[in-house]
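Structural description and commentary
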Amino acid sequence: MLTTRQDTRAAIVTVDVDRIDAAVAIEFKDQMRAAIADSDGRVVLDLSRVGFVDSSGLGAIVAAMKLMPTGRKLELAGLTENVDKVFRMTRMDSIFTIHRTIDTAVPNA
Amino acid sequence: MTSDPTDPGSTSLTLVAEATLSGNRAVLLDLRRHLAKAGHPAARGGAWELVIAEALNNIVEHAYAGRDDGMIRVDLRWSDTQMQADLVDDGTPMPGGTPPGDTDTLDRIRTETLPEGGFGWGLIHTLVSHLDYRREGGCNHLSLTIPLDPA
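Since the model is a prediction, treat every value here as computed from it, not as a measurement.

Core analysis: the biggest nonpolar cluster contains 77 residues, and Phe28 and Leu45 of chain A together with Trp48, Ile52 and Met83 of chain B have the highest contact counts within it. A total of 11 residues in this core trace back to one element, the largest contributor, which is helix H2 (residues 47–63) of chain B. Each residue touching Phe28 of chain A, except ones within four places of it in the same chain, is listed here: Met1, Leu2, Val15, Ile20, Leu45, Ala60 and Ile61 of chain A. Within the second largest apolar cluster, six residues are counted, among which are Ile12, Ala77, Ala105 and Val106 of chain A.

Attention shifts here to unusual backbone geometry. Backbone geometry at Asn108 of chain A places phi at a positive 55 degrees, although glycine is not the residue there. Take Asn108 of chain A: it is sitting in the segment after helix H4 (102–105). Here Asn108 of chain A falls in the exposed class, since its relative accessible area comes to 70%. With a phi close to 50 degrees, Leu114 of chain B is a non-glycine residue in the positive phi region. Relative to the assigned elements, Leu114 of chain B resides in the loop between strand S4 (82–89) and helix H3 (120–127).

This next bit is on the confidence of the model for chain B. Detailed reading of the predicted model is not advised wherever pLDDT is low. When pLDDT is averaged along chain B, the result is 91; 93% of the residues meet or exceed 70. Across residues 1–9 of chain B, confidence stays below pLDDT 50; counting only partners more than four residues off in sequence or on other chains, it has 17 contacts.

In this section: the environment of Asp132 of chain B. Residue and element names in this part refer to chain B. As for its placement among the helices and strands, Asp132 is situated in strand S5 (residues 130–136). Note: C-alpha distance between Asp132 and Thr145 (13 residues apart in sequence) is 9.0 Å. What Asp132 contacts, discounting residues up to four positions off in sequence, is His141, Leu142 and Ser143.

Within this structure, the stated rule accounts for one aromatic pair over all chains. Between Phe87 of chain A and Phe96 of chain A, the ring centres sit 5.9 Å apart and the planes meet at 75 degrees, which makes this aromatic pair edge-to-face.

A separate point is the interface of chain B and chain A. With 30 residues of chain B at the interface, the matching set in chain A holds 28 residues. Taken together, the two surfaces of chain B and chain A that pack against each other cover about 2200 Å², and 58% of this comes from carbon and sulfur. When residues of chain B are sorted by the area they lose upon contact with chain A, Arg25, Leu114 and Glu116 of chain B head the list and together hold 28% of the total. For the pair chain B and chain A, the number of links is five salt bridges. Summed over the shared surface of chain B and chain A, the result is 10 residue pairs in polar contact (both at pLDDT 80 or more). Elements represented by at least two residues in the side of chain B that touches chain A include exactly helix H1 (21–37), H2 and H3 of chain B. Partitioned by chemical class, the residues of the side of chain B that touches chain A number 12 nonpolar, eight polar and 10 charged.

Below, the discussion takes up the sheet that holds strand S1 (residues 2–6) of chain A. All names here are of chain A. If you walk across this open sheet you meet the five strands as S1-S2-S4-S6-S7, and the pairing is mixed. Whereas interior strands pair on both sides, the edge strands pair on one side only; in this sheet they are S1 and strand S7 (98–99). Note: strand S4 (residues 43–46) against strand S6 (residues 74–77), four bridges, orientation parallel. Bridging across to S6, Val44 finds its partner in Glu75. Strand contacts of helix H1 (residues 25–37): S1, strand S2 (11–15), S4 and S6, with the helix running at about 15 degrees to S1, the strand carrying the most contacts.

Looking now at the pattern of salt bridges. Inspection of the entire model under this criterion finds 22 salt bridges over all chains. Salt-bridge contacts for Arg25 of chain B lead to Asp21 of chain A; the nearest nitrogen and oxygen are separated by 2.9 Å. Separated into two different chains, Arg25 of chain B in helix H1 and Asp21 of chain A in the loop between strand S3 (19–20) and H1 make up a pair that spans both. Classification of Asp21 of chain A as buried rests on a relative accessible area of 4%. Each of Arg19 and Asp21 of chain A together with Arg25, Arg32 and Glu49 of chain B takes part in salt bridges that share partners, so that together they form one network.

Residue and element names in this part refer to chain B. Interaxial distance between H2 and H3 falls to 9 Å at its minimum, and their mutual angle equals 140 degrees. As far as their axial angle goes, H3 and H2 are oblique. As H2 runs across H3, the sense of the crossing is left-handed. The segment H2 lies against H3, with Ala47, Leu50, Val51, Glu54, Ala55 and Asn58 engaging Gly120, Trp121, Leu123, Ile124 and Leu127. Class assignment for the residues of the contact of H2 with H3 results in eight nonpolar, two polar and one charged.

Cut-offs applied
- Residues numbered from 1 in each chain as written.
- Chains lettered and ligands numbered in written order.
- Predicted model: local features only at pLDDT ≥ 70, side-chain atom pairs only at ≥ 80, totals over all residues.
- Heavy atoms only, no water.
- Core = buried A, V, L, I, M, F, W, Y, C linked by side-chain atoms within 4.5 Å.
- Buried < 20%, exposed > 50% of the residue type's maximum accessible area, 1.4 Å probe, protein only.
- Helix = DSSP H or I, 4+ residues; strand = E, 2+ residues; numbered from the N terminus.
- Contact = heavy atoms within 4.5 Å.
- pLDDT = per-residue confidence, 0-100.
- Phe/Tyr/Trp six-rings, centres within 6.5 Å; stacked < 30°, edge-to-face > 60°.
- Buried area = accessible area lost by both parts, 1.4 Å probe.
- Salt bridge = Lys/Arg side-chain N within 4 Å of Asp/Glu carboxyl O.
- Polar contact = N/O pair within 3.5 Å; in protein donor to acceptor, adjacent residues only side chain to side chain.
- Nonpolar A, V, L, I, M, F, W, Y, C, P; charged D, E, K, R; others polar.
- Pairing = 2+ DSSP bridges.
- Axes fitted to C-alpha atoms, helices over the stretch in contact; angles between N-to-C directions.
- Parallel < 35°, antiparallel > 145°, perpendicular 65-115°, else oblique.
- Left-handed = near helix turned anticlockwise from the far one by under 90°.

In structure tokens, the structure reads:
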């Protein structure tokens, strides 16, 4: 469900599924753990293909941030309307750096 | 999952779904398809999808915790402005006889603790205009009224 591309400036992790919900939250967290371990520097999570995140999916994204080693940062990009609302309602938008698009986060990656 | 035969213009849907997390997803996708067929703008998702997802997941994870034979009856009715969802399961009652949390639950989240859970009921209370829970005939009856986003 994840594709990782390592750039000199960041690792770009693209979510290839359209829902991060309770049915896949554990798998998402496991794949994030592997993606973080196999990459360097900041990680930008591209959520532009994701149209739905529930509270379990949100919890898994927060959990992924906590898996980041000291000195590395997880950032988000490309939140669709429904996903953006979930982050704002729960105020989890305040704990992440959120970029409008992946190109804003890592230009010409 | 079985669904009643419905005509494309219908504004209601009754499903009896297997109480599993993937069964819950199937219910939401089925509902999206029905809304799309009817040309309803809510087919693109929104508050209704999140509320129903959280309520169904709670049934699987709490009412039916430790059981794999649970079923959930889902009655949905919608208009241009709101979605009514009535969910019935025969799992364990809500602790204390009432759903957890209230409309201020999300305001009490302490972001600095980086919480990985505890959002579900807060989202439900925030997004519904009416919520009713009762235990009747050995079943949980949860009734949710969700205003739909303007088209």
